[in-house]
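Take a look at the letters that make up each chain.
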Amino acid sequence: MLDFGNSSNRQSNSPKKKTGVFISEATIKSLTVKYDVKEEWQKRSDDIALYLVLDVGQDFDYEMRIGGYFNRNDDGTIKNWGAALKVKILLDSLGIEGKLTDDNRLPDEVIEDMVGKKFLRLSYVAGTKQNGKTLWYDWNEVGKIGQEDRLREKFMKAVNDGWVKNYKPNTGDDFNPSELEKQSSNDKDVKSFVLPFCLVP
């Protein structure tokens, strides 16, 4: 019996092969949460960052980072999620409800509950490497299983609004989903999204 809304059938969906966008399912195998952390490429520290180890259906583990900083009031108290909204979106996509602790950390039980849960990740073409291979980046805004079209629409809106500046769908070779996963492990052609978080809504 044919089905729909299942990412396992993406490879037969030829009309979307050349959009430079690839949506796939990922299962969280493990994760590390860090607070007040700043990577070399960042201009300011993230209040919270999740380092995910994912099962993407291949014979290797895939790593992904999702983080951001909160919007704060003048007195330093937290006003809203701010650029850390991507963390909330991940938790929402996993179907996890709850609140941060009084010191604005994820409760241990929430972290434990995240392991084994699935979400959608979106990768997009960001140009061509010097060796001629297609360069892929992960968008660090994820989606809920079964909502591929919604995630794609959100990404394209971010592109059209100017938040994603390195999306280049007309570069690179024809898209091959299986090769994307192999490249992410062997050739590092799939990069975690490392532009400053201010570039993503």
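From a predicted model like this one, the values you see are computed outputs, not experimental measurements.

Caption draft 1: Main features of the packing of aromatic side chains. A full pass over the atoms with the stated rule returns six aromatic pairs. On the numbers, 5.2 Å between centres and 70° between planes, the contact of W139 with F155 is edge-to-face. Taken together, the positions of W139 in strand β7 (residues 134–143) and F155 in helix α3 (residues 148–160) put the pair 16 residues apart, joining distant regions of the chain. For W139, a relative accessible area of 1% translates into the label buried. Consider the rings of F155 and Y167, whose centres lie 5.2 Å apart with planes at 85°: the pair is edge-to-face. Within this pair, whereas F155 is found in helix α3, its partner Y167 is found in the loop between α3 and α4 (177–186), the two being separated by twelve residues in sequence. Across this residue pair, the class does not change: F155 and Y167 are buried. By way of ring pairs, the aromatic residues Y124, Y137, W139, F155 and Y167 are connected into one cluster. Directly above the aromatic system of Y51 lies the positively charged group of K34, at a separation of 5.0 Å from the ring centroid. Across the ring face of Y62, the terminal group of R121 is positioned such that the distance to the ring centre comes to 4.1 Å.

Caption draft 2: Looking closely at the pattern of salt bridges. Inspection of every chain in the model, using the stated rule, returns eleven salt bridges. Linking R105 and D103 is a salt bridge whose minimum nitrogen-to-oxygen distance equals 3.9 Å. Between E141 and K154 there is a salt bridge, with the nearest N and O atoms lying 2.9 Å from each other. Highlighted residues: E141 in strand β7 and K154 in helix α3, separated in sequence by 13 residues.

Caption draft 3: Structural context of the pairing of strand β3 (residues 61–68). Of all eight residues that make up β3, six are buried, and the element is covered over most of its length. Relative to β3, strand β2 (residues 46–55) runs antiparallel, the two being bridged by eight bridges. Looking at the pairing, Y51 lines up with R65 of β3. Linking β2 to β3, which pair antiparallel, is a turn of five residues; within it G57 sits at a positive phi near 85°.

Caption draft 4: Local environment of the confidence of the model for the protein. Averaged over every residue, the pLDDT of the protein is 79; the share at 70 or more is 76%. Counting interchain partners and residues more than four positions distant, the pLDDT-below-50 stretch residues 181–201 has 72 contacts.

Caption draft 5: A look at the environment of F22. If you trace the backbone, F22 turns up in strand β1 (residues 21–37). For F22, a relative accessible area of 3% gives the class buried. C-alpha separation for the pair F22 and W136, spaced 114 residues apart in sequence, amounts to 9.4 Å.

Caption draft 6: Fine view of α3. In a regular helix each residue adds 1.5 Å, so 13 residues correspond to 18 Å; α3 covers 18 Å between its end C-alpha atoms and thus fits that length. Taken together, the buried positions of α3 are occupied by E148, L151, R152, F155, A158 and V159. For α3, the buried positions fall inside an angular range of 120° around the axis, keeping them on one side. Of the residues in α3, the exposed ones pointing more than 90 degrees away from the buried face are R150, E153, K157 and N160. Looking at the packing, one finds that the buried side of α3 touches β1, β6 (118–128) and β7. Once α3 finishes, G162 follows within two positions and takes phi at roughly 90°, a positive value.

Quick notes on the rules
Each residue is numbered by its place in its chain's sequence as written, counting from 1. Local features in this predicted model are restricted to residues of pLDDT 70 or higher, and side-chain atom pairs are both shown and tallied only at a pLDDT of 80 or more, whereas totals for entire chains, interfaces and linings draw on every residue. Note that water and hydrogens are dropped before the side-chain values are worked out from all heavy atoms of the structure. In summary, the pairing rule links any two rings of Phe, Tyr or Trp, Trp by its six-membered ring, whose centres are within 6.5 Å, and it sorts them by plane angle into stacked for under 30 degrees, edge-to-face for over 60 and tilted for everything else. Only DSSP runs of H or I covering at least 4 residues are called helices, and only runs of E covering at least 2 are called strands; the numbering of each starts at the N terminus. Burial status follows relative accessibility: with a 1.4 Å probe on protein chains alone, a residue under 20% of its type maximum counts as buried, one over 50% as exposed, and anything between as partly exposed. Any Lys NZ or Arg CZ found within 6 Å of a ring centre and within 35 degrees of that ring's normal is scored as a charge over the ring. The salt bridge definition used is simple: a Lys or Arg side-chain nitrogen within 4 Å of an Asp or Glu carboxyl oxygen. Two strands qualify as a pair provided that DSSP identifies no fewer than 2 bridges between them. What pLDDT conveys is the predictor's confidence in a given residue, as a value from 0 to 100. Residues count as neighbours in contact if any of their non-hydrogen atoms are within 4.5 Å of one another. For a helix, the expected span equals 1.5 Å multiplied by the number of residues minus one. Taken from the helix axis, the directions to the C-beta atoms give the arc we talk about.

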